[in-house]
Every structure is written in C-alpha cells, then in structure tokens.
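Summary of structural features
The residues making up each chain are set out below.
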Amino acid sequence: SEPLQSATLEIIRARLDIQLGRLDRATVRASAAMERINPASPEREIAMMTILGAALGANDRDTATRIAQTLKRSSVDAAHLEIAQGTMNLFETSAGNLASVRSDLEPMAARQLEHGQLHYYGVTKLAIADCLRAEGRFPEALIAATESMDALRKSSAGMELAMAHSVRAWALAHLHGVESA
C-alpha cells in the first residue's frame, strides 16, 4: 500500500540521517513514519527501533526511555525486547552499578551473535565497552570496543562504529600512551 511504502521510505531516510549525525531530524522522520503505520505492522517496530537509535545517539534519555517502554509492552521480537530492557536498565543504573548492567548485556550480546544479528551485537558490545570504560577497565574495554567495531563494520553501521573507535582509542591511550591511540 502507498502509505506503508511512504512510511518505509521515511524510515530509510531517518536511518540515513542517523548515519549523517542528524539525530533530531531522524527522530522526526521516524516518528512521522510510525504514526502512519498500522500498530500491528512489523514496520512500526522498525520505526521505533530507529527512534530509539537516534535518541540514544543524541543522549535523549526521555525519548529513549519512552520508546523502550513502548517496545517492552508491545514487541513480539525477542531481540527488540532485550534491547528495550537493556536500554531501560542502562538508564536506571548508577555509575556504581555498571557491573550489573554488563551482566545483563553480556548474555544478550552472546544471543545476538548466535542469531547472526551483527548490528545489534555490535551496539550491545559498544554498550559493554562504555560500561568498562566508565569502570576504568582498559584491557576489557579495548576488547569489547574491538569486537563492536568488527561487528559494526560488517553491518554497515556508521555512527556506532565511530563511537566504538572512540572507546578503542581511549583504551589504547590508557594502556600504551596517546601515540598508540
């Protein structure tokens, strides 16, 4: 149908906006697409995942939490449910409880890798690397960031790949000096 094709095109444009760093624009496009899609359609979840990605990239905690809660209530996709729960856990934790967040994320990453969901795996490994960075665990952050980069290179994810490069450079600088980063 034409409204669905139009909405799908807007989601594609929103994902391009994310890759180009236009996160507010991506959120607007994906939100508009979501409003035009039948609530029972799988494309609606794709629009929500796009909004969630843009919100996380922009550090828009309110939007990310709202979308994660909606996904948690309405999704039937196991990967989307895990991502929604992981997002909610990430925002509910304090810096002192990052090990708990990681303990939730690590089995999620393993399942994503097992199911060949490289993009989700790469983003989850990036979240693990960020937790390890916040804990000052340089070697483990380096490993997680490198694994994230490897997966994201294969899934053509631009923004997240750049973020993984950043965590990897940080870990290398702390382990071997700035010139190695």
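Residues numbered from 1 in each chain as written. Predicted model: local features only at pLDDT ≥ 70, side-chain atom pairs only at ≥ 80, totals over all residues. Heavy atoms only, no water.

Before going further, it helps to spend a moment on the overall build of the chain. Helix and strand counts for the chain stand at 9 helices and 0 strands. Scanning the chain from its N terminus toward the C terminus, one meets helices and strands in the order α-α-α-α-α-α-α-α-α. Each of the 181 residues in the chain was classed as buried or not, and the buried ones make up 43%. Relative to all contacts within the chain whose residues are 6 or more apart in sequence, the contacts with residues 24 or more apart total 53%. (Helix = DSSP H or I, 4+ residues; strand = E, 2+ residues; numbered from the N terminus. Buried < 20%, exposed > 50% of the residue type's maximum accessible area, 1.4 Å probe, protein only. Contact = heavy atoms within 4.5 Å.)

This model, assessed by the stated rule, comprises 12 salt bridges. Between arginine 111 and glutamate 82 there is a salt bridge; the shortest N-O distance is 2.1 Å. One end of the pair, arginine 111, is in helix H6 (residues 98–114); the other, glutamate 82, is in helix H5 (residues 78–92), and 29 residues separate them in sequence. Exposure remark for arginine 111: the relative accessible area of 35% places this residue in the partly exposed category. Linking glutamate 140 and arginine 137 is a salt bridge whose minimum nitrogen-to-oxygen distance equals 3.1 Å. Connected via shared salt-bridge partners are Glu10, Arg13, Asp17, Arg22 and Arg29. (Salt bridge = Lys/Arg side-chain N within 4 Å of Asp/Glu carboxyl O.)

A word on the packing of helix H2 (residues 23–36) against helix H3 (residues 42–57). Interhelical geometry of H2 versus H3 gives an angle of 160° and a closest axis separation of 9 Å. Comparing the axis directions of H2 and H3 gives the class roughly antiparallel. H3 is crossed by H2, and the crossing has left-handed handedness. Residue-level inspection shows Leu23, Ala26, Thr27, Ala30, Ser31, Met34 and Glu35 of H2 in contact with H3, the latter providing Arg44, Ala47, Met48, Thr50, Ile51, Ala54, Ala55 and Gly57. Residue composition of the contact of H2 with H3, by class: 9 nonpolar, 4 polar and 2 charged. (Axes fitted to C-alpha atoms, helices over the stretch in contact; angles between N-to-C directions. Parallel < 35°, antiparallel > 145°, perpendicular 65-115°, else oblique. Left-handed = near helix turned anticlockwise from the far one by under 90°. Nonpolar A, V, L, I, M, F, W, Y, C, P; charged D, E, K, R; others polar.)

Right, let's talk about the packing of H3 against helix H4 (residues 61–74) for a bit. The description of two packed helices rests on the angle between their axes and on the distance between the axes. Look at H3 against H4: their axes get within 8 Å of each other, and the N-to-C directions meet at 150°. Looking at the two axes, H3 sits roughly antiparallel to H4. Along this stretch, H3 crosses H4, giving a crossing that reads as left-handed. Residue-level contacts link Glu45, Met48, Met49, Ile51, Leu52, Ala55 and Leu56 of H3 to Thr63, Ala64, Ile67, Ala68, Thr70, Leu71 and Ser74 of H4. For the contact of H3 with H4, the class distribution of residues is 10 nonpolar, 3 polar and 1 charged.

Further remarks concern the nonpolar core. Core analysis: the largest hydrophobic core is formed by 25 residues, its most contacted members being Leu52, Ile67 and Leu71. Of all elements in the fold, only helix H1 (2–19), H2, H3, H4 and H5 reach the threshold of two or more residues within this core. Per-element accounting of this core gives the leading share, 7 residues, to H3. By size, the runner-up hydrophobic cluster in this structure holds 23 residues, among which are Met149, Ala151, Val167 and Ala171. (Core = buried A, V, L, I, M, F, W, Y, C linked by side-chain atoms within 4.5 Å.)

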